[in-house]
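Fold and geometry: a report
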2 protein chains.
Amino acid sequence: MQQLSNNRIFDGQQLVYQHNSDCCKSSMRFSIYLPDLSRQAPCPALFWLSGLTCTEQNFTVKAGAQRVASELGLIVIAPDTSPRGDIADDPDAYDLGKGAGFYVDATQPPWADNYQMHTYIAAELPALIQQHFSVDAERLGVFGHSMGGHGALTMHLRYPEVFKSVSAFAPIVAPARVPWGRKVLTAYLGKDEQQWYQYDACRLVRQNQTEAEILIDQGSADEFLMEQLQPELFTAACQAAGQPVQLRMQQGYDHSYYFITSFIEDHLRHHARNLNN
Amino acid sequence: MQQLSNNRIFDGQQLVYQHNSDCCKSSMRFSIYLPDLSRQAPCPALFWLSGLTCTEQNFTVKAGAQRVASELGLIVIAPDTSPRGDIADDPDAYDLGKGAGFYVDATQPPWADNYQMHTYIAAELPALIQQHFSVDAERLGVFGHSMGGHGALTMHLRYPEVFKSVSAFAPIVAPARVPWGRKVLTAYLGKDEQQWYQYDACRLVRQNQTEAEILIDQGSADEFLMEQLQPELFTAACQAAGQPVQLRMQQGYDHSYYFITSFIEDHLRHHARNLNN
């Protein structure tokens, strides 16, 4: 594992690492914020899953999470959104291939060789983080934006014993029903829609309810709200299944990091509360 | 004046505009954060001057100023660091030409036609802002980073009746003495060093003391500290001249926006206090 950068910020260190992923068979990057509090005792850790086109940099530079993470003693890890390097890609599409791993394990050629982001986030990366940093493995949370909001919801619903707290900004909640999801799930998993449902939060919550309240923020001026996001599909599914959820519509906010940074403090405090920090 | 973007953030609007500058004879961009409080009454405004290679985007996206600006009711304007377009440039140098206007009025060819950033910041941009936005013209401040810290100090020392409060992150305080400054001042102003002193904070403070305390933050791990910055030259000049100044050495912080965002709240509160907000 190679350290690419190390900057002091808000009484902590913002680091970026590169390593070879076993499951993705490629070089992968992630950023990690270590508050100084983590030098004294293991700290809870949150995994941030980014949206389409992002790398590990977007959240790290734009979200402004470090200030409150420092105060609360939270470690925050932001992985890249896909494997990189000399691998399969669709260079003309921003929503397939590199930058668009969609947090699934691809089964179809040419993607299956490297696009194993589900296993990477659910298993390989948490193990790597626990091996190298002062993390309290009993107190992990997951959150994310758009495609990464989809990733966070599905990770929590499938592995609530691993990711005990969850929140999302403008998540894709029903990938099996919306254009972004149907395109990439067809490419990565094939045409059998039954295979898609293990990665569809609206479907998963029918079987897998958890005790943690799910916090979702959604901007009312989000250009993707009506076609790609439709968070009311998820709150309806949660209500039908008895899953605690809170959807906050934020008036006038869009899909950008300007929206995320405006409410990141609430999300960090939500996770700290749920992880009994 | 053309609006290029408009995003909601922290109970306000983050906007980017483009306009034709009279003094620079080129198209120029700036960002402006308008807290909702400015809809009710004119608000104080701060001009942020960025460092080498920056555009109007860096501060806007990375500094995290909007949260506290919203709370305090401060308008924050971040202009580009040079004119742009089909003008003179040194494409091989990051520290001369585009992205490196140095907040001076160039007198030498080929720069003099467009590189008039001193007049742009001191006069043209404040007038434009006052014409279009709900700004209290009696309560303006200026701050900046590195090359922009130099710009902020010189603007305040020369026009304390315009820019009544001032602060800086890792400023170039003695451009007439350090390599960055000597290179660009020679190019923009010629070899007569007497011409440089009107843009050298250490020289200016000998004549022009002000009543406002100057706040400076400097990271101890800044790679440019010893050769290019040397803030102790300025504090010594201030002490000799009777100029109030506070230099805070921040242990372990470097020259990046990770440093700036860690202390931006202190600077915003410093300006609000000094502008009797």
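Residues numbered from 1 in each chain as written. Chains lettered and ligands numbered in written order. Predicted model: local features only at pLDDT ≥ 70, side-chain atom pairs only at ≥ 80, totals over all residues. Heavy atoms only, no water.

**Quick word on the sheet that holds strand S8 (residues 214–219) of chain B**
All names here are of chain B.
- With respect to topology, 9 strands assemble into an open sheet ordered S1-S2-S3-S5-S4-S6-S7-S8-S9, the strand pairing being mixed. Since the sheet does not close on itself, it has two edges, and those belong to strand S1 (2–8) and strand S9 (245–250), each with one partner. Taking the axes of each pair of neighbouring strands and ignoring which way they run, one obtains an average angle of 20° across the sheet.
- Bridge analysis of strand S2 (residues 12–21) against strand S3 (residues 26–35) gives 10 bridges, and the strand direction is antiparallel. The partner of Gln 14 across the bridge, within S3, is Tyr 33. (Pairing = 2+ DSSP bridges. Helix = DSSP H or I, 4+ residues; strand = E, 2+ residues; numbered from the N terminus. Axes fitted to C-alpha atoms, helices over the stretch in contact; angles between N-to-C directions.)

**Observations concerning the environment of Val 166 of chain B**
All names here are of chain B.
- The residue Val 166 is located in strand S7 (residues 163–169) in this model.
- Residue Val 166 is classed as buried on the basis of its relative accessible area, which comes to 0%.
- In sequence terms Val 166 and Thr 154 are 12 residues apart; their C-alpha atoms lie 9.8 Å from each other. (Buried < 20%, exposed > 50% of the residue type's maximum accessible area, 1.4 Å probe, protein only.)

**What about the sheet that holds strand S7 (residues 165–169) of chain A?**
Residues and elements named next belong to chain A.
- Here we have 9 strands laid out as an open sheet, ordered S1-S2-S3-S5-S4-S6-S7-S8-S9, and mixed in their pairing. The strands lining the two open edges of the sheet, one partner per strand, are strand S1 (2–8) and strand S9 (245–250). When strand polarity is set aside, the average angle formed by the axes of neighbouring strands in this sheet is 20°.
- Direction of pairing for strand S6 (residues 135–145) relative to S7: parallel, over a ladder of 5 bridges.

**Notes on the pattern of salt bridges**
Residue and element names in this part refer to chain B.
- Enumeration over the complete set of coordinates arrives at 24 salt bridges over all chains.
- Here Arg 248 ties to Asp 266 by a salt bridge, and the two come within 2.8 Å at their closest N and O atoms. Here Arg 248 is found in strand S9, whereas its partner Asp 266 is found in helix H9 (residues 257–274), with 18 residues between them in sequence.
- Residue Asp 266 is classed as partly exposed on the basis of its relative accessible area, which comes to 33%.
- With its nearest N and O atoms 3.0 Å apart, the salt bridge here joins Arg 269 to Glu 265. Here the residue Arg 269 and the residue Glu 265 both occupy positions in helix H9, the gap between them amounting to 4 residues, near one helical turn.
- Among the residues examined, Glu 265 registers a relative accessible area of 24% and is labelled partly exposed. (Salt bridge = Lys/Arg side-chain N within 4 Å of Asp/Glu carboxyl O.)

**Regarding the pairing of S8 of chain B**
Residues and elements named next belong to chain B.
- The element S8 is largely enclosed, with a buried count of 6 among its 6 residues.
- Burial of S8 is two-sided: the residues Ile 214, Ile 216 and Gln 218 facing one way and the residues Leu 215, Asp 217 and Gly 219 facing the other way are all buried.
- Where S7 lies against S8, 3 bridges are found, and the strand directions are parallel. Its bridge partner lying in S8, Ser 167 is registered against Leu 215.
- Of the pairings in the sheet, the one linking S8 to S9 comprises 6 bridges and is parallel in character. Along S9, the bridge assignment pairs Ile 214 with Val 245.

**A look at the interface of chain A and chain B**
- Listed as interface residues are 22 residues of chain A and, on the opposing side, 22 residues of chain B.
- Carbon and sulfur atoms make up 54% of the area that chain A and chain B hide from each other, which totals about 1,700 Å².
- Viewed at the interface, chain B and chain A are joined by 0 salt bridges.
- Joining chain A to chain B, the criterion identifies 8 residue pairs in polar contact (both at pLDDT 80 or more).
- At the level of secondary structure, the elements contributing two or more residues to the side of chain A that touches chain B comprise S1, helix H1 (57–62), helix H2 (66–72) and helix H9 (257–274) of chain A.
- Looking at the side of chain A that touches chain B residue by residue, the class counts come to 6 nonpolar, 11 polar and 5 charged. (Contact = heavy atoms within 4.5 Å. Buried area = accessible area lost by both parts, 1.4 Å probe. Polar contact = N/O pair within 3.5 Å; in protein donor to acceptor, adjacent residues only side chain to side chain. Nonpolar A, V, L, I, M, F, W, Y, C, P; charged D, E, K, R; others polar.)

**Here's the deal with the nonpolar core**
- Phe 30, Ile 32, Phe 59, Tyr 188 and Phe 234 of chain A are the most contacted members of the largest nonpolar core, which has 99 residues in total.
- Grouped together as the second largest cluster of nonpolar side chains are 98 residues, Ala 78, Phe 102, Leu 189 and Cys 238 of chain B included. (Core = buried A, V, L, I, M, F, W, Y, C linked by side-chain atoms within 4.5 Å.)

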